[in-house]
Amino acid sequence: MPIHFQKTYEITNMKNKKVLFTGGILLLLLILLTGASIYMFNVSLKSKVTPTDEADAYAYLFKHPYMKSWVDSLQHHGALRDTFMYANDGAKLHALYIKSPDQTPHTALVIHGYTDNAIRMLMIGHLYNKELGYNVLLPDLRAHGKSDGDYIQMGWKDRLDILSWITVAKELYGDTTQLVLHGISMGAATTMMTSGETLPDNIKCFVEDCGYTSVWDQFGYILKRDYGLPSFPLLYTTSLYCRFKEGWNFKEASALKQVEKCRLPMFFIHGDQDTYVPTRMVYPLYETKQGEKELWVVPGVEHAVAYWDYTEEYVQRTKAFVSKYIQ
């Protein structure tokens, strides 16, 4: 073989090897990124419901004796009941409900947080039922409690289920019922996401306690805080996988964008020591909200414990706000 042809062959062969090597590295990175995205999706959104959740939830609640005596009384009189509905996609969803012993058109729809359930929100049920004499409806969101679902929806798909639960509330308590939606953590995000939808006239106001601005912001924050990782590329690819798997992505699941469309009154509550849903998230939410609103940044309080740490003030502030719009 002539020398110049041999050199050309060697150069071409080296280039081909580099291309194959680079392609192999890129393929390996793609496989690793895909695996990491699926792992993050499952860690974040795969249902964590266990058979002991109900017993554990009551044990958590009954650390406060007044809650046990109240729940025992409700159960004794058959006032704490289960109800179910079927969502548009066929999922069977569960809720607890309490009917006020006194006939009333006032109802609180109370929404729990991430990996929680309806039982663990009964303290807010106590606020509305015992303190204000309201009916109470407490749904289990998808993949929580007794509701169907393999994956947690972070409030985004849940907002559509809440619209259906509003219809159920009318069926349970009558067409004249007036509702407040009150959520904590992911339940607060669900409340805010619902607030931007077209709502029936009987929805009067909202209370959101330590909700996040968007799923993108929340997961990006956790990714940085717990793993020291930037949003790119993992958050992008996991969001894309969520779109493929569940039909929505992290950026569209925005409480901030929904609150911008809301014109009904909203009470914002957030602990100033919250490092799970960082306190800074409440300020753009509050500023974006048009119309009547109030903000209470609770001193010394961590995530989702404002009610327990400041029970009397929490009750009084909530009563004062809601009573302005539900009479």
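The paragraphs below set out a description of the structure included in this document. None of the values given here were measured: they were computed from a predicted structure.

**Details of the pattern of salt bridges**
Okay, step 1: If you walk through the whole model with that rule in mind, you get twelve salt bridges.
Okay, step 2: For Asp116, the salt bridge is made with Arg120, and the minimal N-O distance between the two is 2.5 Å.
Okay, step 3: Given the relative accessible area of 24%, Arg120 is considered partly exposed.
Okay, step 4: The salt bridge partner of Lys324 is Glu294, with a shortest N-O separation of 2.7 Å. Taken together, the positions of Lys324 in the segment after helix H12 (311-322) and Glu294 in strand E8 (residues 293-298) put the pair 30 residues apart, joining distant regions of the chain.
Okay, step 5: Judged by relative accessible area, Glu294 falls into the partly exposed class, the value being 28%.
Okay, step 6: Among the ionic contacts, a cluster of salt bridges with common partners joins Glu54, Asp82 and Lys146.

**Concerning the pairing of strand E7 (residues 266-271)**
Okay, step 1: Of all six residues in E7, six are buried; the element is thus mostly enclosed.
Okay, step 2: Residues of E7 alternate between two faces, with Met266, Phe268 and His270 on one and Phe267, Ile269 and Gly271 on the opposite face, all of them buried.
Okay, step 3: Pairing analysis gives four bridges linking strand E6 (residues 203-209) to E7, with the strands arranged parallel. Directly across from Asp209, in E7, lies its bridge partner Ile269.
Okay, step 4: Pairing geometry for E7 and E8, over six bridges, is parallel. Each bridged residue has a counterpart across the sheet, and for Met266 the counterpart in E8 is Lys293.
Okay, step 5: For the crossover from E7 across helix H10 (residues 282-288) to E8, the handedness is right-handed.

**Side note on the sheet that holds strand E4 (residues 135-139)**
Okay, step 1: Judged by pairing direction, the sheet is mixed, and its eight strands sit side by side in the order E1-E2-E4-E3-E5-E6-E7-E8 without closing on themselves. In this open sheet, the two strands that pair with only one neighbour each are strand E1 (80-86) and E8. Across the sheet, the axes of successive neighbouring strands diverge by a mean angle of 20 degrees, strand direction being ignored.
Okay, step 2: Along the sheet, H12 contacts strand E5 (178-184), E6, E7 and E8; its crossing angle with E6, the most-contacted strand, is approximately 155 degrees.

**Comments concerning unusual backbone geometry**
Okay, step 1: Of note, the bond from Phe232 into Pro233 is cis; its omega dihedral lies within 30 degrees of zero at 5 degrees.
Okay, step 2: Structurally, Pro233 can be placed in the loop between helix H7 (215-227) and helix H8 (234-246).
Okay, step 3: The residue Met154 is not glycine, and still its phi comes out positive at about 55 degrees.
Okay, step 4: Along the chain, Met154 turns up in the loop between E4 and helix H5 (158-173).
Okay, step 5: Overall, Met154 belongs to the buried group, its relative accessible area being 3%.
Okay, step 6: Even without a glycine there, the phi angle at Ala304 is positive, about 65 degrees.
Okay, step 7: One can find Ala304 in the loop between E8 and helix H11 (306-309).
Okay, step 8: Residue Ala304 is classed as partly exposed on the basis of its relative accessible area, which comes to 24%.

**Overview of the packing of helix H3 (residues 65-76) against helix H4 (residues 122-131)**
Okay, step 1: Where H3 contacts H4, the axes come no closer than 11 Å and their chain directions differ by 70 degrees. Judged by the inter-axis angle, H3 sits roughly perpendicular to H4. Along this stretch, H3 crosses H4, giving a crossing that reads as left-handed. Between H3 and H4, the contacting residues are Tyr66, Met67, Trp70, Val71 and Leu74 on the first element and Leu122, Met123, Gly125, His126, Asn129 and Lys130 on the second.
Okay, step 2: Grouping the amino acids of the contact of H3 with H4 by side-chain chemistry returns seven nonpolar, three polar and one charged.

**Brief notes about the environment of Tyr66**
Okay, step 1: With respect to the helices and strands, the residue Tyr66 is situated in helix H3.
Okay, step 2: Taking the C-alpha atoms as reference, Tyr66 lies 24 Å from Thr104; in sequence the two are 38 residues apart.
Okay, step 3: With residues up to four places along the chain from it excluded, the contact list for Tyr66 reads His126, Tyr307, Trp308 and Thr311.
Okay, step 4: A polar side-chain atom of Tyr66 sits 2.8 Å from a polar atom in the side chain of Tyr307.

What counts, and at which threshold
Residues numbered from 1 in each chain as written. Predicted model: local features only at pLDDT ≥ 70, side-chain atom pairs only at ≥ 80, totals over all residues. Heavy atoms only, no water. Salt bridge = Lys/Arg side-chain N within 4 Å of Asp/Glu carboxyl O. Buried < 20%, exposed > 50% of the residue type's maximum accessible area, 1.4 Å probe, protein only. Helix = DSSP H or I, 4+ residues; strand = E, 2+ residues; numbered from the N terminus. Pairing = 2+ DSSP bridges. Right-handed = clockwise from strand over helix to strand, strands pointing away. Axes fitted to C-alpha atoms, helices over the stretch in contact; angles between N-to-C directions. Contact = heavy atoms within 4.5 Å. Parallel < 35°, antiparallel > 145°, perpendicular 65-115°, else oblique. Left-handed = near helix turned anticlockwise from the far one by under 90°. Nonpolar A, V, L, I, M, F, W, Y, C, P; charged D, E, K, R; others polar. Polar contact = N/O pair within 3.5 Å; in protein donor to acceptor, adjacent residues only side chain to side chain.

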